[in-house]
Every structure is written in structure tokens, then in C-alpha cells.
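# Secondary and tertiary structure notes
Listed below are the residues making up each chain.
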Protein chains: 2
Amino acid sequence: MKEQHWYKSHVRAIEREECISLLRTQKVGRIAFTDDSGPDTIPVNFALDGEDVLIATTGYSAMARAATGARVAFEVDEIDPFTESGWSVVIRGHAHRESPFAPMDNPPYPWAEGNRGYVIRIKPDAVTGRRLVPA
Amino acid sequence: MKEQHWYKSHVRAIEREECISLLRTQKVGRIAFTDDSGPDTIPVNFALDGEDVLIATTGYSAMARAATGARVAFEVDEIDPFTESGWSVVIRGHAHRESPFAPMDNPPYPWAEGNRGYVIRIKPDAVTGRRLVPA
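Let us look at the structure shown here. Here the structure is a predicted model, which means the values were calculated and not measured.

### Some points on the environment of aspartate 52 of chain A
All names here are of chain A.
- With respect to the helices and strands, the residue aspartate 52 is situated in strand 5 (residues 52-57).
- The exposure class of aspartate 52 is buried, given its relative accessible area of 10%.
- The sequence separation of aspartate 52 and glycine 93 amounts to 41 residues, and the corresponding C-alpha distance is 9.6 Å.
- Not counting chain neighbours up to four residues away, the residues in contact with aspartate 52 comprise Ala47, Arg121, Ile122, Lys123 and Pro124.
- Side-chain polar atoms of aspartate 52 contact the side chain of arginine 121, separated by 2.8 Å.

Given below as C-alpha cells:
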């Protein structure tokens, strides 16, 4: 039998302003999109431009094909398995290709090799966050 | 200007068997599903039953409503911002409600409070993994 905590963690909503602040603390999130086979998701580096999420990828990636011009979700979290707590922020909105891509102070900076000049901008219409607080 | 690494990390595919092994190392993943507003995603605790992913939730959650009887994706990763590397595994398949839920050795163990007796089983038809290897 695995060890279990005596009390379950509490779920608390996070206000939109704090959601955006939390997004700024992370470099990697997961974009969820839909293709002909249903929902799919993949971790990506991202940058913020105001409340917009920017992702640099390749034009021939499955993500670029499925996400461009479509609705997507984007999720960022920080989890602590020891205390069984953490937070997550989810943005939902429309994604489009940013072309031409205007220079900015902190552009999306992909870790992976390859030509990743295809920039996707997600404009959030819903920003929600949940915090799992140790009991 | 932020610090940047001289060389980009390499992307490598992960074999299915290793994908499943990697899933076993983590307690939290993100399920991606689709509702009337498009793709959505949320982090969840999970358990493995063979290659199936089990998630315990509440029957009235948005995730339970949208995922039950539908195709979903499930993603697990481990990321190291310092070396700009990591791995991710994505399962895609059909999700159904497991009812009645048969006892098992390591059942899904939700961290969050509340009645989470609604168990979703994801049967993977595609298991893919990527490793980002430091250059």
C-alpha cells in the first residue's frame, strides 16, 4: 500500500491577474489542439506578449498545421509531488500565424534544433487557474 | 538580452516501450479533450493499468463530461530549464467511464479534495515520445 496523505488538498481558483503573473514564471507549457484524429497536445517553449502566448515552431509541424487559424488551449503548471499540491493556468483562445513577426524584447526562444521561424500567437479569451493547496 | 545556449538541443523519438516506462515515473499528466468551445486541457493525477491510463475525477467535472466516450490525448513530461532538455510522452486514444471500477493494486489516487469516484480509462492507440537531448 502506498503512503497516502491524511487530508486531501484544497482546490482554489486563481484570479486572472495572478494567472498571467504565474505564466511569466515558466518557460514551457503544453498546447492542446485538435486534428482529424481528435485532441492532441505537446509541450512547447513560449513567450508572453501582454496576455498573448507566442510559440515558435516549424511550419510543417503537426501542431502548426492543426493550430493555425483554430481554437487551442495552452496550459502551464508547477506541481509538487511531495506535498501533493501545485498550480495550473489554462488559456483558451484563437491561434493564428504571426506573419511577419515583429521584433520584440523577449521573443519565443525554442530549445529544440531546426528552423523555427513560424510563430503562432494565441489570443486568450478565457484565462483560468487552479491552485491545489495542501490541507 | 537573455542568456542563450550556443547549441540547440536535439530532438529524438522515444520507443513505445520506453514511453510506458517513463509514464510510470510520474504521478501527474495533462489530459486534453474537446468541448463545444474547442480544445481544453487540465493536469490530473493518474495511474497505469498495463498501458491504459486511469484518472479519478468527479462525474460533474467539465473534463468528465467532455472526455467520457470521446477521443482524448494524455501528456506526461519532465523538463529541465537549466539544460533546456527533457522528455515528453503523449498517448492518444478513446476514453470511457470505468464502471463498476474493479479494485486494483495501485488505483488512481487523486490529490484534490471531493468525491472522485468517477474513473476514466484511456485506451491508447497511439503512444509517442520525444526526448530533447542537450547538444
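Don't stop here, the text continues.
### Concerning the packing of aromatic side chains
All names here are of chain A.
- On inspection of all chains with the given rule, the structure shows two aromatic pairs over all chains.
- On the basis of an interplanar angle of 70° and a centroid distance of 4.9 Å, the ring pair of phenylalanine 46 and phenylalanine 74 is categorised as edge-to-face. You can see phenylalanine 46 sitting in the loop between strand 3 (38-45) and strand 4 (47-49) and its partner phenylalanine 74 sitting in strand 6 (residues 70-80), a full 28 residues away along the chain.
- For phenylalanine 74, a relative accessible area of 0% translates into the label buried.

### Here we look at the side chain of aspartate 40 of chain A
- Topologically, aspartate 40 of chain A is positioned in strand 3.
- Take aspartate 40 of chain A: its relative accessible area is 13%, and that puts it in the buried class.
- A polar atom in the side chain of aspartate 40 of chain A sits 3.4 Å from the side chain of arginine 92 of chain B.
- If we skip the residues at most four places from it in the chain, aspartate 40 of chain A touches Ile31, Ala32 and Phe33 of chain A together with Ala32, Ala73, Val90 and Arg92 of chain B.

### As for the environment of tyrosine 7 of chain B
- Following the sequence through the fold, tyrosine 7 of chain B ends up in the segment before strand 1 (10-14).
- A C-alpha to C-alpha distance of 30 Å links tyrosine 7 of chain B and arginine 30 of chain B, two positions 23 residues apart in sequence.

### Overview of helix 1 (residues 16-23) of chain A
All names here are of chain A.
- Every buried residue of helix 1 is listed here: Cys19, Ile20, Leu22 and Leu23. The arc that holds every buried residue of helix 1, seen down its axis, measures 160°, which confines them to one face.
- Buried-residue contacts for helix 1 involve strand 1 (10-14), strand 4, strand 6, strand 7 (85-97) and strand 8 (118-133).

### What to know about the pairing of strand 5 (residues 52-57) of chain B
Residue and element names in this part refer to chain B.
- Summarising burial for strand 5: six of the six residues are buried, a large majority.
- Residues Asp52, Leu54 and Ala56 point to one face of strand 5 and Val53, Ile55 and Thr57 to the other, with burial holding for every one of them.
- Where strand 4 (residues 47-49) lies against strand 5, three bridges are found, and the strand directions are antiparallel. Each residue of the ladder has a partner; that of aspartate 49, found in strand 5, is aspartate 52.
- Where strand 4 hands over to strand 5, the hairpin turn is made up of two residues, of which glycine 50 adopts a positive phi near 65°.
- For strand 5 and strand 8 (residues 118-133), the ladder comprises five bridges, and the chain directions are antiparallel. By the bridge assignment, valine 53 is partnered in strand 8 with isoleucine 122.

### Quick notes on the interface of chain A and chain B
- Listed as interface residues are 44 residues of chain A and, on the opposing side, 44 residues of chain B.
- Surface buried jointly by chain A and chain B totals about 4000 Å² across both partners, of which 55% is contributed by carbon and sulfur atoms.
- Contact with chain B buries area across many residues of chain A, yet Pro39, Tyr109 and Trp111 of chain A alone supply 20% of it, more than any other trio.
- Across the salt bridge formed by arginine 92 of chain B and aspartate 40 of chain A, the nearest N and O atoms sit 3.4 Å from each other.
- Counting every contact that joins chain A to chain B gives 24 residue pairs in polar contact (both at pLDDT 80 or more).
- Counting only elements with at least two residues in the side of chain A that touches chain B, the list comes to strand 1, strand 2 (28-35), strand 3, strand 6, strand 7 and strand 8 of chain A.
- A class-by-class count of the residues in the side of chain A that touches chain B yields 17 nonpolar, 11 polar and 16 charged.

Definitions and cut-offs
- Residues numbered from 1 in each chain as written.
- Chains lettered and ligands numbered in written order.
- Predicted model: local features only at pLDDT ≥ 70, side-chain atom pairs only at ≥ 80, totals over all residues.
- Heavy atoms only, no water.
- Helix = DSSP H or I, 4+ residues; strand = E, 2+ residues; numbered from the N terminus.
- Buried < 20%, exposed > 50% of the residue type's maximum accessible area, 1.4 Å probe, protein only.
- Contact = heavy atoms within 4.5 Å.
- Polar contact = N/O pair within 3.5 Å; in protein donor to acceptor, adjacent residues only side chain to side chain.
- Phe/Tyr/Trp six-rings, centres within 6.5 Å; stacked < 30°, edge-to-face > 60°.
- Arc of directions from axis to C-beta.
- Pairing = 2+ DSSP bridges.
- Buried area = accessible area lost by both parts, 1.4 Å probe.
- Salt bridge = Lys/Arg side-chain N within 4 Å of Asp/Glu carboxyl O.
- Nonpolar A, V, L, I, M, F, W, Y, C, P; charged D, E, K, R; others polar.

The analysis is restricted to geometry; functional conclusions fall outside its scope.
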